[in-house]
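Now for the letters of each chain:
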Amino acid sequence: MSDKATLTYNNQSIDLPVITGTENESAIDIAALRSAANLVTIDPGYKNTGSCKSAITFLDGDLGILRYRGYAIEELAEKASFLEVAYLLIFGELPTADQLMKFEMDIKANSVVDEDVKKIIDAFPKAAHPMGVLASLTSALTAFNPSSVNVDSEEDMYKAIVKIMGKFPVLVAWTMRKSQGLPIDYGSKYLDYVENIIKMMFSHPNETFVVNKSVKSALNKLLILHADHEQNCSTSTVRIVGSSHAGLFASLSAGISALWGPLHGGANQAVLEMLEAIREDGGDTAKFMLKAKDKNDPFRLMGFGHRVYKNFDPRARIIKKAADEVLEELGVDDPVLDIAKSLEKEALSDAYFVDRKLYPNVDFYSGIIYRSLGIPVQMFTVMFALGRLPGWIAQWREMRQGKEPIGRPRQIYTGATIRSYVDISKR
Ligand code: SDX
C-alpha cells in the first residue's frame, strides 16, 4: 500500500502523505495542501473527511462491524456491565475486579448533586423538552464545579470523570421526574450503577423499590449499545467544543444539543412518533413507504439509513432481538412493534431502500424497548445521551490529551466581491 498520493493541478504535482490505521483504513494527510498548492478541500457533512485519528471505536459500515477498543459490540452487549464498558472506552482496557470496584465506589461518592440544581429544574416549565433541560443542567454543573480540568493530571482527569459519571444519571432522573410531577429520588449507594438509575427514574414514593431484573438487563444492554460511535455529529461537537479548551461539562452540554436533532439521536423519539402516526392512520405501511420515497414529501422513514452503515447497523440487530425478549418477559403487547417489523420487511425488499443501502439503524427499535420500560417518548433521546456519556468523555479526553489544535475549518467564499458603502439616503 503506497504511503503517498500525488495530486496534479495546474501542471503542478505534489505528493501528499497517506496514513494507514490498524484496520487498514487509509487517509490522505492534506496538512501541506494550502502551502504547497494554495488549495483547500471541501466536503459538506464531512462525508469523506476524517477529523482525527482515534483509538476508541472502530466501525466498518460495509461489514456492519462495531468494536469498542477492539472488543465486538455483540460480546460486550451480552457479557459486560455498562460500567465495565464505560471504563473500557475511557481508559482503554477492561477493568480488573478491583479497578471496577474502585471506579464504581468513586462514582457513587460523586452521585450527590447540589440542592440548588433543583431551583434550576423548577424554573423550567413542566412541558419543557428534557433534552433542553439536560443540556442546561449539564452546562450548569460548571457553576457548581468551577475548577477546570487539568488534562495533564491523571488524578484531576479521573476526578472530573467520576464526577460527571456520578451526577449525569441524577440530572437525567430528576429531569424525567420533574416532567412527570413526581418527587425526585436520591437513589441508593447500595445499588449498582444501572440499578440506581432505575431506582431514581422509576421508584414510587409510597412503595418499596425492587429492581426488575428484565428491566435492568435491557437497560444495561441499551446503554452499552449507545456508548460510543466514533466521529458522529454529537461526538464531533464534543471534540470541537473541547478543542477550544472549553471545560468538559460545557463540551458535553454542546454534545447533548447536537444529539437532540431528529436526524441524529432525536430519531428514536421520531421513530416512535412515526410508528404511532402510522398506527393511528390505520397501519397502512405501504402508504408511508411511498411518502418516504417521494422527493416532494419531506417525510423520511425515521430509524432508517446511516452515514456509515451501508449494511445492517449491528446495534439494530441486537436491539430488535432484545425488543422481542423484553416485551415477552414484561408481558407487553405493543402493536407498533408489528408495524416496525412490517416496515422493515417492506423496506428491505424495496429497490429505493436497497439501492441506497438504507437499513434500520440503532434508533429504529430502541424506542419500543424504552416505552416498554415505562420511559416517556420525550425521554428517549435523553436515554441515548445517558448511554453515550462515556463515549463523549473518552473522545474528549483523547482529543485534549492528544494536544489536538483548535478546530477551525476553512471555506470557499461565494458572496459579493468588494463594494463601497452607500449612504442610506441613496439606497
Ligand atoms: C444516529 O453517525 C452516527 O454514528 C450516528 C449514530 C450514533 O450512534 O451516533 O449512529 C446515531 O444518528 C443514527 C441515525 C438516526 N437518524 C435517522 O434515523 C433519521 C433518518 N435517516 C436519515 O435522515 C439519513 O439516513 C441519515 C441522516 C441518518 C444519513 O444521512 P446521509 O448519510 O447524509 O445520507 P443522505 O441524506 O445523503 O441520503 C442518501 C439518499 C438520499 O436519497 P437521494 O438524494 O440519493 O435520492 O438516501 C435517502 C436520501 O433522500 N435517504 C432516505 C432516508 N435516509 C436517506 N430516504 C428515506 N428515508 C430515510 N430515512
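Our subject in this report is the structure included herewith. (Residues numbered from 1 in each chain as written. Predicted model: local features only at pLDDT ≥ 70, side-chain atom pairs only at ≥ 80, totals over all residues. Heavy atoms only, no water.)

### Describing the overall build of the chain
When its secondary structure is counted, the chain shows 18 helices and 6 strands. Computed over its C-alpha atoms, the radius of gyration of the chain comes to 23 Å, within 12% of the 22 Å expected for a compact globule of 427 residues. Overall size of the chain, expressed as C-alpha extent along the three principal axes, is 80 × 65 × 55 Å. By residue count, 48% of the 427 residues in the chain fall in the buried class. Considering only contacts within the chain whose residues lie at least 6 apart along the sequence, 71% involve residues at least 24 apart. Of the roughly 21,500 Å² of accessible surface on the chain, a fraction of 53% belongs to carbon and sulfur atoms. (Helix = DSSP H or I, 4+ residues; strand = E, 2+ residues; numbered from the N terminus. Rg over C-alpha atoms; globule rule 2.2 N^0.38 Å. Buried < 20%, exposed > 50% of the residue type's maximum accessible area, 1.4 Å probe, protein only. Contact = heavy atoms within 4.5 Å. Areas by Shrake-Rupley, 256 points an atom, 1.4 Å probe, with all protein chains shown as cover.)

### Concerning the pattern of salt bridges
For the coordinates displayed, the defined rule picks out 26 salt bridges. One salt bridge connects Lys4 with Asp15, and the closest N-O pair in it is separated by 3.2 Å. One end of the pair, Lys4, is in strand 1 (residues 4-9); the other, Asp15, is in strand 2 (residues 12-20), with 11 residues separating them in the sequence. Among the ionic pairs, Arg239 bridges to Glu398, the shortest N-O distance being 2.9 Å. Of this pair, Arg239 sits in helix 10 (residues 233-242) while Glu398 sits in helix 18 (residues 380-401), and the two are 159 residues apart along the sequence. When salt bridges with common partners are traced through the structure, they connect Asp192, Glu195, Lys213 and Lys216 into a single cluster. (Salt bridge = Lys/Arg side-chain N within 4 Å of Asp/Glu carboxyl O.)

### Considering the site of the ligand
Around the ligand, the surrounding shell holds 25 residues, and the nearest of these are His229, His306, Arg307, Arg315 and Arg388. Here an oxygen atom of the ligand sits 2.6 Å away from a polar atom, N or O, in the side chain of His229. Asn361 is positioned such that a nitrogen or oxygen atom in its side chain is 2.9 Å from an oxygen atom of the ligand. Starting from 1,100 Å² of accessible surface for the ligand in isolation, the protein chains cover 80%. Residues of the shell around the ligand, tallied by class, amount to 10 nonpolar, 7 polar and 8 charged. (Near = heavy atom within 4 Å. Polar contact = N/O pair within 3.5 Å; in protein donor to acceptor, adjacent residues only side chain to side chain. Nonpolar A, V, L, I, M, F, W, Y, C, P; charged D, E, K, R; others polar.)

### Quick word on the sheet that holds strand 2
Strand order in the open sheet formed by 3 strands is 1-2-3, with antiparallel pairing between adjacent strands. Either end of the sheet is taken by a strand with one partner, and the two such strands are strand 1 and strand 3 (26-28). Here the strands of the sheet are splayed against their neighbours by 30° on average, with no regard to which way each runs. Taken together, the 3 bridges between strand 2 and strand 3 define a ladder with antiparallel strand orientation. By the bridge assignment, Ile19 is partnered in strand 3 with Ala27. (Pairing = 2+ DSSP bridges. Axes fitted to C-alpha atoms, helices over the stretch in contact; angles between N-to-C directions.)

### Things to note about a positive patch on the surface
There is a patch of like positive charges on the surface, built from Lys47, Lys295, Arg300, Arg307 and Arg356. Structurally, Lys47 can be placed in the loop between helix 1 (33-37) and strand 4 (57-60). (Patch = residues over 30% accessible without salt bridge, like charges linked within 9 Å, V, L, I, M, F, W, Y side chains within 5 Å. Lys, Arg positive; Asp, Glu negative; His and termini not counted. Charge placed at Lys NZ, Arg CZ, Asp CG, Glu CD.)

### Observations regarding unusual backbone geometry
One non-glycine residue, Asn38, adopts positive backbone phi at about 55°. With respect to the helices and strands, the residue Asn38 is situated in the loop between helix 1 and strand 4. Here the phi dihedral of Lys357 falls at roughly 55°; this positive angle occurs in a residue that is not glycine. On the secondary structure map, Lys357 appears in the loop between helix 16 (351-355) and helix 17 (362-372).

### Regarding the packing of helix 6 (residues 130-144) against helix 7 (residues 154-180)
The packing of two helices is summarised by the inter-axis angle and the distance between the axes. With their axes 10 Å apart at the nearest point, helix 6 and helix 7 run at an angle of 145° to one another. At the point where helix 6 passes helix 7, the crossing takes the right-handed sense. Across the interface between the two elements, Pro130, Val133, Leu134, Leu137, Thr138 and Leu141 of helix 6 pack against Ile164, Lys167, Phe168, Leu171, Val172 and Thr175 of helix 7. Of the residues in the contact of helix 6 with helix 7, the class split is 9 nonpolar, 2 polar and 1 charged. (Left-handed = near helix turned anticlockwise from the far one by under 90°.)

### Observations regarding the nonpolar core
Grouped together as the largest cluster of nonpolar side chains are 116 residues, with contacts concentrated most on Tyr68 and Leu301. When sequence neighbours within four positions are dropped, the list of residues in contact with Leu301 reads Met274, Met289, Ala292, Leu343, Ala347 and Phe353. Ranked by size, the runner-up nonpolar core spans 5 residues in total, among them Ile14, Leu16, Leu33 and Leu39. (Core = buried A, V, L, I, M, F, W, Y, C linked by side-chain atoms within 4.5 Å.)

### Quick look at the packing of helix 3 (residues 82-91) against helix 4 (residues 97-108)
At a minimum axis distance of 10 Å, the contact between helix 3 and helix 4 shows a crossing angle of 100°. The angle between the axes of helix 3 and helix 4 places the two elements in the roughly perpendicular class. Packed against helix 3, whose contacting residues are Leu83, Glu84, Ala86, Tyr87 and Phe91, the element helix 4 presents Gln99, Leu100, Phe103, Glu104 and Ile107 at the interface. Here the residues of the contact of helix 3 with helix 4 sort into 7 nonpolar, 1 polar and 2 charged. (Parallel < 35°, antiparallel > 145°, perpendicular 65-115°, else oblique.)

### Remarks on helix 8 (residues 193-202)
The element helix 8 is largely enclosed, with a buried count of 10 among its 10 residues. When we look at burial in helix 8, the residues that qualify are Tyr193, Val194, Glu195, Asn196, Ile197, Ile198, Lys199, Met200, Met201 and Phe202.

### Quick word on the environment of Ala72
Its location among the elements puts Ala72 in strand 6 (residues 71-72). Considered as a pair, Ala72 and Ser188 are 116 residues apart in the sequence and their alpha carbons are 32 Å apart. If we skip the residues at most four places from it in the chain, Ala72 touches Leu66 and Arg67.

### Some remarks on the pairing of strand 5 (residues 65-68)
Because side chains alternate across strand 5, one face comprises the buried residues Leu66 and Tyr68, and the other comprises Ile65 and Arg67, none of which is buried. Relative to strand 5, strand 4 is paired through 4 bridges, and the arrangement is antiparallel. When the sheet's bridge partners are listed, Phe58 is paired in strand 5 with Arg67. The antiparallel pairing of strand 4 with strand 5 creates a hairpin that spans 4 residues between the two strands, and Gly64 there sits at a positive phi of about 65°.

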